[in-house]
Amino acid sequence: MSKSICIIDDDYIYQIIVKKIVAKAGIFNKVECFENAFKALKELQDPESKLPDLILLDINMPGMDGWEFLSELKVNRPNLHHETQIYIVTSSIAMGDRDKALSISEVSGFISKPLTVSRLREIGEGLG
Amino acid sequence: MAVYMLRAPNAFDKSPRFLSKPVTIGIFTFLFFMLLGVFILWQRYQILKETEQREMTNLIGFIENNIDHTLRNSYSAALSLALLVESNGTISGFEDVAPRLISEYPAINAVQMVPGGIITHVYPVQENESVLNYNILEDPNVREEALHAMRERKMYFAGPLELRQGGLAVIGRLPVFIKNDFWGFAAVIIKLETLLEESGLEKLSADKYEFQFSKIHPGTGEEIFFLTPISAGSVEYSETINFADGDWKAYIALKNPRELFNSLIPIGFFTTLLSVFLGLAMTNLLKQPQKLQALVNSQAGELTLSEMKFRTIFNQAAIGMARVNSITGMFLETNNRFQQLFGYTSEEIKELSVVDVTHPGDIQEDHSKMKQLRDGEIKEFSMQKRIKRKNGELVWVNLTVSPLWNEGERPTTHIALIEDIHDKKMAETHLKESYHMVMEQNKRLLNFSYIVSHNLRSHSSNIESILDLYKHTADAEERENYINMLEKVSAALNQTLFDLNEVVSIQTNLNLTVEDLKVKDFVEDTLGLLKVQIQKKNARISTNVPAEMVVKFNAAYLESVLLNLLTNALRYSSPQRSPEIVINGKKTGEKWLLEVEDNGIGIDLVKNRNKLFGLYKTFSNHTNSRGVGLFIAKNQIDAMGGRIEVESTPGEGSVFKVYFQ
């Protein structure tokens, strides 16, 4: 059973770390990273393409932030909620961000950085 | 302000002098009615008395008639007897005539024939036998009266006297002469009892009247009374009859002469009461004007006092007051404070209307509220407005307008109260500004604290993750890799801390040195610093900053702002064309404006206007973007009391405008 994961975060160091953690967790055999939301949107909004099983989305990104990315993505993929699971991953401690994340139906969960191997496994095992 | 000064009315002053003495008039009124009453009563009394007298005269006339009738009958009877005397002196037919006379004249009790003074015949004989042969001329009691009749040669009634045969009686004696020689008497005896009975006296009301019957003694002239004496007081109200044939007098008198007077007492009493009442009523009536006058005087006094108080309040009030024509808006009357507030004299301000002294921006509101007031939609109004003083200064005042016309009346004038709230208003504005500034700062600080925590946490979580990975691997190459990553994180953390430090220094530096700076010099210095980048980008720079453009700013801040704006203009240039940057310095009103215009990639302001000057907000994929420059520039400009605005079209370029204070 192959599972794919997509990471959208402008922090280059974090991207490397997440890749290591994904490898250690051993659940996902396909990993894709985007350094900003524009690039991710360009890849993922095509309705014909298959979405990854899990998306880890950062909020604070230059140009287009996580929220904007979500609303843009929904335009072309109205069934986003059934096609993938999206987790907001951020170092923000603002309660507003957490509440906002959980109020969006397409968002499955909220993860405060740092992401750990065990937390990723937990989420990965819960996937269909 | 209307002066409603009431003069004490003079109408009463001109009233007749006596009106001021109601008591006197009252007494006069009383006396007048009393006199009138007494007069009427007296008249009435007179009428009653006359009636009474007339009644008594009638009565006495009636009695006189009756007695006369009896006496005439007696005379007829005596004459009949006299005719019995023959010329030779003998009496013939006495026995036949006498009984007929007695029966014919019931008043006559007895008849006698007295030839030569000796009673020779008497009828009825039975009761009178004792007088036969009695010589009356020898009885001193009767001799005088008998002689009187003889002398007068006519009938004379003697008595009343005690009869020898008993009882009181009068005796009418008719002297008889034969050829001028005295023959004797023909006598008729009438008992007094019978005479009184025939007179009708006894039939009259004994309650009301008293009677008396008297005789003047022919010898002594003394009056002898025969009935119960009349009370002394009654004499005044008496009537008298004289009977010459017998020298009698009959009296009739009111039994109670005071009754007449007494009958008038209740009316008299009532009249007195009425007079007293009318007197008092008149006094009271006349006192009314005096009372009213007193009331008017006291009211006028109070009014004068209140007018004086009002005057004092009006003139000494700390609030400006004016009476204003509600139609034209002209000032009619103003108080000292009002004149002081506006800087005009009382005379000057009368030439002005509300519009002349109101700030143009406030005229509309004033007008519409005045209209509502005139139309009766509102009862009064207050508003804050700016007034123009004579010297052109604008002063904030609180205006309160109250109409001086009553509801339903046509608008006339109104009172305008003007309170100087300039300092208050300025303080309020200042306070609002401060509040706004503090709120903004607070918002910025909060935002800043989130940013700080976010940035530091993102680095710390990276370090944590790397260390975790490092611990769980034995591979030397990989471990070295992690150490390299830690170095990068460390560098990034350093950069973040440097940025934050810069931001904090603006946020906390509240007392910076502010000086007059020549913007042209600073622009030239900044362009010198950026010389390398300008050459590299092949950018064309045109500067239009006038030498006289001097602004109050902190020197380091101005350097920083210019550097940030110019760096951005160079950095976000369009890849399709070489950068063209225009720097303009110009004056807008009182303030200086610096514009930095570029033909770069532009910013989508629809999406990003709110984030543009936020910390760590970047709008391009440019690798050098850190989202700090504009944030710092805005904070520095804000701290100097200026503001920054941006106009931009994506793909065409942007203009950043800095408004200096």
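My aim in this report is to walk through the structure given alongside it, one point at a time. (Residues numbered from 1 in each chain as written. Chains lettered and ligands numbered in written order. Predicted model: local features only at pLDDT ≥ 70, side-chain atom pairs only at ≥ 80, totals over all residues.)

Below, the discussion takes up the overall build of chain A. Per the secondary structure count, chain A includes six helices and five strands. Element order for chain A, N to C, with α for helix and β for strand: β-α-β-α-β-α-α-β-α-β-α. Considering chain A as a whole, with its 128 residues, one finds that 40% of them fall into the buried category. (Helix = DSSP H or I, 4+ residues; strand = E, 2+ residues; numbered from the N terminus. Buried ≥ 20, exposed ≤ 12 C-beta atoms within 10 Å, placed from the backbone.)

Turning our attention to the overall build of chain B. Across its full length, chain B holds 16 helices and 21 strands. In chain B, buried positions account for 27% of the 661 residues. Partitioning the contacts of chain B with sequence separation of at least 6, the portion at a separation of at least 24 is 58%. (Contact = placed C-beta atoms within 7 Å.)

Residue and element names in this part refer to chain A. Contact geometry for helix H1 (residues 12–25) and helix H6 (residues 117–126): axes closest at 9 Å, N-to-C directions at 60 degrees. When the axis of H1 is compared with that of H6, the two are oblique. Crossing handedness for the pair H1 and H6: right-handed. Facing Ile21, Val22, Lys24 and Ala25 of H1, the residues of H6 in contact are Val117, Leu120, Arg121 and Gly124. (Axes fitted to C-alpha atoms, helices over the stretch in contact; angles between N-to-C directions. Parallel < 35°, antiparallel > 145°, perpendicular 65-115°, else oblique. Left-handed = near helix turned anticlockwise from the far one by under 90°.)

All names here are of chain B. Spatial ordering of the open sheet is given by S2-S1-S5-S4-S3, a layout of five strands whose pairing is antiparallel. What marks the edges here is a single partner per strand, and that holds for strand S2 (121–123) and strand S3 (156–162). Strand-to-strand twist in this sheet, taken as the mean axis angle between neighbours without regard to direction, amounts to 20 degrees. The pairing of strand S4 (residues 168–178) with strand S5 (residues 181–191) spans ten bridges and is antiparallel. Paired with alanine 169 across the bridge in S5 is lysine 191. Sitting on the sheet, helix H4 (residues 140–152) is in contact with S3, S4 and S5, with an inclination near 170 degrees to S3. Packing of helix H5 (residues 192–199) onto the sheet brings it into contact with S3, S4 and S5, and relative to S5 it is tilted by some 70 degrees. (Pairing = 2+ DSSP bridges.)

With that settled, the discussion passes to the sheet that holds strand S5 (residues 107–112) of chain A. Residues and elements named next belong to chain A. The five strands are arranged S2-S1-S3-S4-S5 in an open sheet whose pairing can be described as parallel. At either end of the open sheet lies a strand with only one pairing partner, and these are strand S2 (30–34) and S5. When strand polarity is set aside, the average angle formed by the axes of neighbouring strands in this sheet is 20 degrees. Sheet topology places strand S1 (residues 4–8) next to S2; five bridges connect them, and they run parallel. Pairing of serine 4 across the sheet is with lysine 30, part of S2. Along the sheet, helix H5 (residues 95–103) makes contact with strand S4 (85–90) and S5, crossing S5 at roughly 160 degrees.

Right, let's talk about helix H2 (residues 94–104) of chain B for a bit. All names here are of chain B. Of all the residues in H2, the buried ones are Phe94, Ala98 and Leu101. Burial along H2 is one-sided: seen end-on, the buried residues are contained in an arc of 65 degrees. Away from its buried face, by an angle of more than 90 degrees, H2 presents the exposed residues Glu95, Asp96, Arg100, Ser103 and Glu104. Against helix H1 (22–82), strand S1 (110–115) and S2 lie the buried residues of H2. (Arc of directions from axis to C-beta.)

All names here are of chain B. For the pair helix H14 (residues 555–571) and helix H16 (residues 629–639), interaxial distance at closest approach is 9 Å and the crossing angle is 145 degrees. As for the relative orientation of H14 and H16, their crossing is left-handed in sense. Contact residues: H14 offers Tyr557, Ser560, Val561, Asn564, Leu565, Thr567 and Asn568, while H16 offers Gly629, Leu630, Ile632, Ala633, Gln636 and Ile637. Looking at the contact of H14 with H16 residue by residue, the classes come out as seven nonpolar, six polar and no charged. (Nonpolar A, V, L, I, M, F, W, Y, C, P; charged D, E, K, R; others polar.)

A common way to express how large an interface is: the accessible area buried when the components associate. Taken residue by residue, the interface counts 17 residues in chain A and 21 residues in chain B. Here the side of chain A that touches chain B gets five residues from one element, more than from any other, and that element is H1 of chain A. Of the residues belonging to the side of chain A that touches chain B, the class tally is nine nonpolar, five polar and three charged.

All names here are of chain B. Pairing geometry for strand S12 (residues 381–388) and strand S13 (residues 394–403), over eight bridges, is antiparallel. Within S13, the position partnered with serine 382 by the bridge is threonine 400. The antiparallel hairpin formed by S12 and S13 contains five residues in its connecting segment, where glycine 392 sits at a positive phi of about 90 degrees. Here S13 runs beside strand S14 (residues 413–420); their pairing, made up of seven bridges, is antiparallel. Within the sheet, the bridge partner assigned to serine 402 lies in S14 and is isoleucine 415.

Turning to unusual backbone geometry, a few remarks are in order. Excluding glycine, most residues fall at negative phi; most peptide bonds, likewise, are trans. Residue proline 114 of chain A is reached from lysine 113 of chain A by a cis peptide bond, and omega for that bond is 5 degrees. Cis peptide bonds are those with omega within 30 degrees of zero, and the linkage from tyrosine 123 of chain B to proline 124 of chain B qualifies with -10 degrees. Within the secondary structure, proline 124 of chain B sits in the loop between S2 and helix H3 (125–128). Notably, arginine 153 of chain B is not glycine yet its phi reads approximately 60 degrees, a positive angle. In this fold, arginine 153 of chain B is placed in the loop between H4 and S3. For arginine 153 of chain B, a count of 12 C-beta atoms within 10 Å gives the class exposed. With phi around 60 degrees, asparagine 538 of chain B is a residue other than glycine that occupies positive phi space. For asparagine 538 of chain B, the position within the fold is in the loop between helix H13 (531–537) and strand S16 (540–544).

Residues and elements named next belong to chain B. The end-to-end C-alpha distance of H4 is 19 Å, a good match for the 18 Å that 13 residues give at a rise of 1.5 Å each. Looking at the packing, one finds that the buried side of H4 touches S3, S4 and S5. Positive backbone phi, at 60 degrees, marks arginine 153, one or two positions downstream of H4. (Expected span 1.5 Å × (residues − 1).)

As for its placement among the helices and strands, aspartate 499 of chain B is situated in helix H11 (residues 476–508). Expressed as a C-alpha distance, the spacing of aspartate 499 of chain B and isoleucine 632 of chain B, which sit 133 residues apart in the sequence, is 9.4 Å.

On to the pairing of strand S21 (residues 653–659) of chain B. Residue and element names in this part refer to chain B. With five bridges connecting them, strand S19 (residues 591–597) and S21 associate as antiparallel partners. Counterpart to leucine 594 in the pairing with S21 is valine 658. As defined by bridge partners, strand S20 (residues 643–649) adjoins S21 across seven bridges and the pair is classed as antiparallel. Within S21, the position partnered with glutamate 647 by the bridge is valine 655. Counted between consecutive antiparallel strands, the loop separating S20 from S21 contains three residues, among which glycine 651 sits at a positive phi close to 90 degrees.

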